[in-house]
Amino acid sequence: NNNEEKEMCYDEVLLSRRSKYRTGTRFTKRGCDDYGHVANYAETEQICFITKEQKDSTTTAKERAIVEVYSHVQTRGSIPIRWSSPADVKTYRPLVRIGVDPIAHARGLRNHLLEQLALYTTTTNMDEEEEENGDKEEKKKKKGTTTKLVFCNLVDKHGDQGRLGRAFDAVLDAVLDVYTTKRKKNHGSAKESLVEENDAIDNSATNSNNDDDDPSSSSSSSSSSLPLFHLFKKMTKEEIQHIWFDFHAECSGGKWDRLSILLKSVSSALDSQGYFSAVPRYNNHDDDEKQDWNILSLQNGVIRTNCMDCLDRTNVVQSVFGRYVLYRQLHERIGKRQRDLQHQQKSSREKRTLPLEHVIAYRQNPLVLPWIQGEVSHRLLWADNADIISRLYAGTNALKGDFTRTGKRTKRGALDDGMNSLQRYYLNNFIDAERQEGMDLLVGYSDFTTTAATSIFNDDDDDDDDD
């Protein structure tokens, strides 16, 4: 058994799911709408299948079967306040326009927070019991607070990007202060006060329909369906964190090793949020009689990464987070220990699941997996994922793709980035408007009408009358 465990085989899979709400192209869709939907929103699930060679009962052949499954989800999306940057043929980087209505900012961000908490956090029976008891604060101090939602902001801290980042930070603080203050002030009737505050924000907002609000989202994800009390309880500065990492300033001049600073600041949240894990449930300890899957753990929280476009810088950083989680999953191997218990096997007293040299190497450099084939596959997966998302939003492959693929910047990569930038400039100014119309029709934002055909027939009739 010990010899079998020395060599571990696994498959790594990436699944990216894009939201149908507020879909569009790079400069035509930015920020969020009233319902909290943001532009270029996508969740990326990194799945690790650990396989083991097993004999087929019907033949003498051997095949690899999945014995452990691990999964972790990250999200990306435009900065969730009301802002835009319409394409301008005179400049490569159009000016950022930030909305002036604070209520619109607060409403959109609040709905986005509630949506993220509803999708990526779990609620236990203990949480529901604490809702009725008055000793919640003491219990939370004893068991510690898990950061459920981390905004990893990669925009610059100067210029238009800095102005946008400061605006988001101010709105986030204001929204969290509102719910934290209300809960502390009216502890006995916290539920009623939070619901009243939520309704106040909704009622004070204007009801006018803006051009960039998606009416199709009102039926399925309106704010009235989201504000559950257990979600309001999580809207605190302890459970929602904003980390602002100026990517360009920190990593300028090829200082890519400084990404380890960002990883260190986020690692505690990644550890506390955990990940999904499951193993097959066997009957009579026979591998051929697989019945069901036994879920061992769930992910409780999410890391949400953004830059201006949520493409190039976001891709690099998410691959770093994904590598950290993958190493942790293979290092802990909670599924293996559960399988040993199911089969009533005495595990080797050595609790180590990875070779000691791999553990030491990763601690010295957490930006590279110690095993070469796994590192190469991880980089290629995230680079291909980045290119696909970038083509859908910006029309070209992602920038900085050479670093994602090889771990370093190259002259060929810099040349490719220049070509992609020129292509983006052309597409954004001359092509994206038509692409946006097609996307609006595809997702149901605009209705299929016969206006164009009717106008053509009317023109023909007018010409006939003139003749």
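Now for a look at the structure at hand.

**Considering helix α16 (residues 411-430)**
Between its first and last C-alpha atoms α16 spans 29 Å; for 20 residues at 1.5 Å apiece the expected length is 28 Å, and the two agree. For α16, the complete set of buried residues consists of Gly413, Asp417, Asn420, Ser421, Arg424, Leu427 and Asn428. What you see down the axis of α16 is that its buried residues fit within an arc of 135°, all on one side. In this structure, α16 carries Lys411, Arg412, Leu415, Met419 and Leu422 as exposed residues pointing more than 90 degrees from its buried face.

**As for the pattern of salt bridges**
According to the stated counting rule, one finds 23 salt bridges in the structure shown. Notably, a salt bridge pairs aspartate 309 with arginine 26, separated by 3.0 Å at the nearest N-O pair. Of this pair, aspartate 309 sits in the loop between β10 (302-306) and α11 (312-332) while arginine 26 sits in the loop between β1 (9-18) and β2 (42-55), placing them 283 residues apart in sequence. For the pair formed by aspartate 309 and arginine 26, the shared burial category is buried. Among the charged side chains, a salt-bridge network with shared partners connects Arg17, Glu43 and Glu45.

**Examining a nonpolar patch on the surface**
A grouping of Val89, Tyr426 and Phe430 is seen on the molecular surface, where their side chains present a nonpolar patch of about 310 Å² in accessible area. The residue tyrosine 426 is located in helix α16 in this model.

**A short note on the nonpolar core**
Residues Phe247, Leu259, Leu262 and Phe321 are the most contacted members of the largest nonpolar core, which totals 38 residues. Within the residue set of this core, elements represented by two or more residues are β2, β3 (62-76), β6 (149-153), α10 (259-273), α11 and α13 (356-364). It is α11 that contributes the most residues to this core, 9 residues altogether. Among all residues touching leucine 259, those that are not within four sequence positions of it are Phe245, Phe247, Cys251, Val316, Val317, Val320, Leu367 and Phe403. Cys32, Val38, Leu176 and Trp244 belong to the second-largest nonpolar core, a separate cluster that totals 31 residues.

**Some words on the packing of aromatic side chains**
To describe a pair of aromatic rings, you give the distance between the ring centres and the angle between the ring planes. On inspection of all chains with the given rule, the structure shows 6 aromatic pairs. Here the aromatic rings of tryptophan 256 and phenylalanine 403 are separated by 4.2 Å at their centres, their planes lie at 20°, and the arrangement is stacked. Here tryptophan 256, found in the loop between α9 (247-250) and α10, pairs with phenylalanine 403, found in helix α15 (residues 401-406); they are 147 residues apart in sequence, far enough to count as distant. What makes tryptophan 256 buried here is its relative accessible area of 12%.

**Topic: the layout of surface pockets**
Looking at the second largest pocket, its volume works out to about 510 Å³. Around the second largest pocket, the lining is made up of 24 residues, and of these Arg26, Arg93, Gln161, Asp309 and Arg313 lie nearest the centre. Elements that contribute at least two residues to the lining of the second largest pocket include exactly α5 (159-185), α11 and α16.

**Comments concerning the environment of serine 84**
Along the polypeptide, serine 84 turns up in strand β4 (residues 83-84). Residue classification places serine 84 among the partly exposed positions, given a relative accessible area of 30%. The sequence separation of serine 84 and threonine 28 amounts to 56 residues, and the corresponding C-alpha distance is 7.9 Å. In contact with serine 84, other than residues within four places in its own chain, are Arg30, Leu95, Val96 and Arg97.

**Quick look at the pairing of β6**
Regular strands show a simple pattern: their side chains alternate between the two faces of the sheet. Of all 5 residues in β6, 5 are buried, a share of seventy percent or more. Bridge analysis of β6 against β10 gives 5 bridges, and the strand direction is parallel. Within the sheet, the bridge partner assigned to valine 150 lies in β10 and is isoleucine 303.

**Details of the packing of α10 against α11**
Contact geometry of α10 with α11 gives a least axis separation of 10 Å together with a crossing angle of 50°. Taken together, α10 and α11 sit at an angle that is classed as oblique. Read as a crossing pair, α10 and α11 show a hand that is right-handed. For the pair α10 and α11, contact is made by Leu259, Leu262, Leu263, Val266, Ser267, Leu270 and Asp271 and by Val316, Val317, Val320, Phe321, Tyr324, Val325 and Arg328, respectively. Taken together, the residues of the contact of α10 with α11 sort by class into 11 nonpolar, 1 polar and 2 charged.

**A short note on the side chain of arginine 22**
Counting through the fold element by element, arginine 22 comes out in the loop between β1 and β2. A distance of 2.5 Å separates a polar side-chain atom of arginine 22 from the backbone oxygen of arginine 30. Among the polar contacts listed, one links the side chain of arginine 22 to the backbone oxygen of glycine 31, at a separation of 3.1 Å.

**Describing the environment of arginine 304**
Here arginine 304 is to be found in strand β10. Taking the relative accessible area as the measure of exposure, arginine 304 reaches 0% and is therefore buried. Separated by 263 residues in sequence, arginine 304 and tyrosine 41 place their C-alpha atoms 10.0 Å apart. Discounting chain neighbours no more than four positions away, the residues touching arginine 304 are Val38, Thr75, Gly77, Ser78, Pro80, His112, Gln116, Leu149, Val150, Phe151 and Cys152.

**Overview of the pairing of β10**
With 5 of 5 residues buried, β10 is to be regarded as a mostly interior element. The alternating pattern of β10 places Val302, Arg304 and Asn306 on one face and Ile303 and Thr305 on the opposite face, and all of these are buried.

So, how was this worked out
Residues numbered from 1 in each chain as written. Predicted model: local features only at pLDDT ≥ 70, side-chain atom pairs only at ≥ 80, totals over all residues. Heavy atoms only, no water. Helix = DSSP H or I, 4+ residues; strand = E, 2+ residues; numbered from the N terminus. Expected span 1.5 Å × (residues − 1). Buried < 20%, exposed > 50% of the residue type's maximum accessible area, 1.4 Å probe, protein only. Arc of directions from axis to C-beta. Salt bridge = Lys/Arg side-chain N within 4 Å of Asp/Glu carboxyl O. Patch = residues over 30% accessible without salt bridge, like charges linked within 9 Å, V, L, I, M, F, W, Y side chains within 5 Å. Areas by Shrake-Rupley, 256 points an atom, 1.4 Å probe, with all protein chains shown as cover. Core = buried A, V, L, I, M, F, W, Y, C linked by side-chain atoms within 4.5 Å. Contact = heavy atoms within 4.5 Å. Phe/Tyr/Trp six-rings, centres within 6.5 Å; stacked < 30°, edge-to-face > 60°. 1 Å grid on protein atoms, 1.4 Å probe; cavity = no way out; pocket = protein on both sides within 12 Å on 5 of 7 lines; lining within 4 Å. Points joined across faces, edges and corners; volume = space filled by probe spheres on them. Pairing = 2+ DSSP bridges. Axes fitted to C-alpha atoms, helices over the stretch in contact; angles between N-to-C directions. Parallel < 35°, antiparallel > 145°, perpendicular 65-115°, else oblique. Left-handed = near helix turned anticlockwise from the far one by under 90°. Nonpolar A, V, L, I, M, F, W, Y, C, P; charged D, E, K, R; others polar. Polar contact = N/O pair within 3.5 Å; in protein donor to acceptor, adjacent residues only side chain to side chain.

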